[in-house]
Each structure stands twice: as C-alpha cells, then as structure tokens.
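# Geometric and topological summary
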Amino acid sequence: MKPSVRIVVVGDPKVGKSSLIKTLISESFEDEVQPVLPTVVIPPEVTPERVHVSIVDTSSSPEERHKLEEEIRKADVLVLVYDVSKRETLDRASSYWLPTLRRLGVSVPVVLVGNKIDVRGIGADHSLEHLIKPIMDEFREVDVCIECSAKQVFNIAELFYYAQKAVIHPTAPLYDVNEHT
Ligand code: GTP
C-alpha cells in the first residue's frame, strides 16, 4: 500500500479550488479564502485509508505556470475542478486541462469535480451531465466524477476520499503516455 498520497487540486480561475480545501479542513465555508493555500498535511490516524495525505492548492495565473506544472508532476492523483454554473469551465477541462496533463507525461488518476451545485440547485436539471460521459470515454484517466458544493459543505469529504481511493485501490488501467507517443 502507498504510504502517502499527494493530491493536487487544479482547474480554471475561481472554480473554487481553495474553497474546497478550506471547507474540508474547517468543515465550514468562508467567502474569502487566500488565493493559494499552503499545503495541507493530514496524518494517517484521521484519513479514511490510514495513509498520510497532502493536499496541494494551485494557482491558475500565468505567472505561476512553472510552479503549477511542477506540482502536477509530483501528484499521485489530480482533482480537476470545474464550476457547474459555468459551462466553459467544463469545456476547458477536456480542451485544456486533460490534454495538458497528457502533454506533461503525467499518468495518474483524475477526479473530475463539479463545484458550486448550490448555484444551480441540488436536484435541478443536470444540464452538464450528458457532457461528462464523452469526457470519461475519451480520457480514461478520469477515474470518477462527483458534484459538490463548498458553500453547502456537500460531498467535500467524499471527493477527497475518492481521490485517495483512486490511488490506493485503482480500478482501471491508467492511460499510458508511452503508448500514445
Ligand atoms: P483562483 O485561486 O483564483 O484560481 O480561485 P479558486 O479556484 O481557488 O476559487 P476560490 O476558492 O477562490 O473561489 C472563487 C469564488 O467562488 C469565491 O468567491 C468563493 O467564495 C466562491 N465559491 C467557492 N466555492 C463555492 C460554492 O460551492 N458555491 C458558491 N456559490 N460559491 C463558491
């Protein structure tokens, strides 16, 4: 079993990356969160799989691109966040983020996370749902998709649990970068 899991959270600006991490550790939502949180280290006694977990926040600003790529390369699993109320952020997951991970030669599982379902309303028309399956079919490294709300503290612990589980109990063979070069 892997002794530690490094989770790196990526995605477009303002989708709620920092808020998801902050909400996980404080179990409450704050409107104002610093742009990039320091790495959160969780000891094995309190993680579901009893492993050390590090959660790394990233910046989407162009000046931080080098740092972002460095963090992506060190990840055991990526949490790729989009905003369910902004269709373009999901489009960018498949047109930019997932191809970028492949370009960087990263072959780790990805958890695709739709945040801010409080804006759309839980139980309302799942207008982006039909767009997810083609993404999962094309990018087999997407292990699981989950919707959540940092604001309503809904599905937050679950999404970080799925990220740990994707590393510790992988379900499917991952995309092999070497097969496609
Ligand atoms: P950058 O660091 O700029 O890339 O942003 P980020 O992805 O870290 O997003 P951040 O956590 O700073 O959140 C952006 C805005 O969305 C803030 O105003 C948050 O309060 C808000 N926000 C985050 N999560 C939610 C959510 O679940 N629901 C709603 N309604 N707003 C949210």
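Provided above is the structure to which this section pertains.
This text gives an overview of the structure that appears in the document. (Residues numbered from 1 in each chain as written. Predicted model: local features only at pLDDT ≥ 70, side-chain atom pairs only at ≥ 80, totals over all residues. Heavy atoms only, no water.)

### Let's talk about the overall build of the protein chain
Along the protein chain, the regular secondary structure elements total six helices and six strands. Start at the N end of the protein chain and walk to the C end: the helices and strands fall as β-α-β-β-α-β-α-β-α-α-β-α. The buried share of the protein chain, reckoned over its 181 residues, is 48%. Carbon and sulfur atoms make up 52% of the accessible area of the protein chain, which totals about 9,300 Å². (Helix = DSSP H or I, 4+ residues; strand = E, 2+ residues; numbered from the N terminus. Buried < 20%, exposed > 50% of the residue type's maximum accessible area, 1.4 Å probe, protein only. Areas by Shrake-Rupley, 256 points an atom, 1.4 Å probe, with all protein chains shown as cover.)

### What about the packing of aromatic side chains?
For the structure on display, the rule yields two aromatic pairs. The interplanar angle of 80° and the centroid separation of 5.0 Å between the aromatic rings of Tyr96 and Trp97 together place this pair among those described as edge-to-face. (Phe/Tyr/Trp six-rings, centres within 6.5 Å; stacked < 30°, edge-to-face > 60°.)

### Structural notes on the site of the ligand
Taken together, 19 residues form the shell around the ligand, and within it Lys17, Ser18, Ser19, Asp118 and Ala150 come nearest. Between the ligand and Lys14 there is a distance of 3.1 Å, counted from an oxygen atom to a backbone nitrogen or oxygen. Within the side chain of Asn115, one N or O atom sits 3.1 Å away from a nitrogen atom of the ligand. Coverage of the ligand by the protein chains reaches 83% of its 650 Å² of free accessible surface. With respect to the pocket detection grid, the ligand is positioned in the largest pocket. (Near = heavy atom within 4 Å. Polar contact = N/O pair within 3.5 Å; in protein donor to acceptor, adjacent residues only side chain to side chain. 1 Å grid on protein atoms, 1.4 Å probe; cavity = no way out; pocket = protein on both sides within 12 Å on 5 of 7 lines; lining within 4 Å. Sits in = over half its atoms within 2 Å of the grid points.)

Any functional reading would require information beyond the geometric quantities listed.
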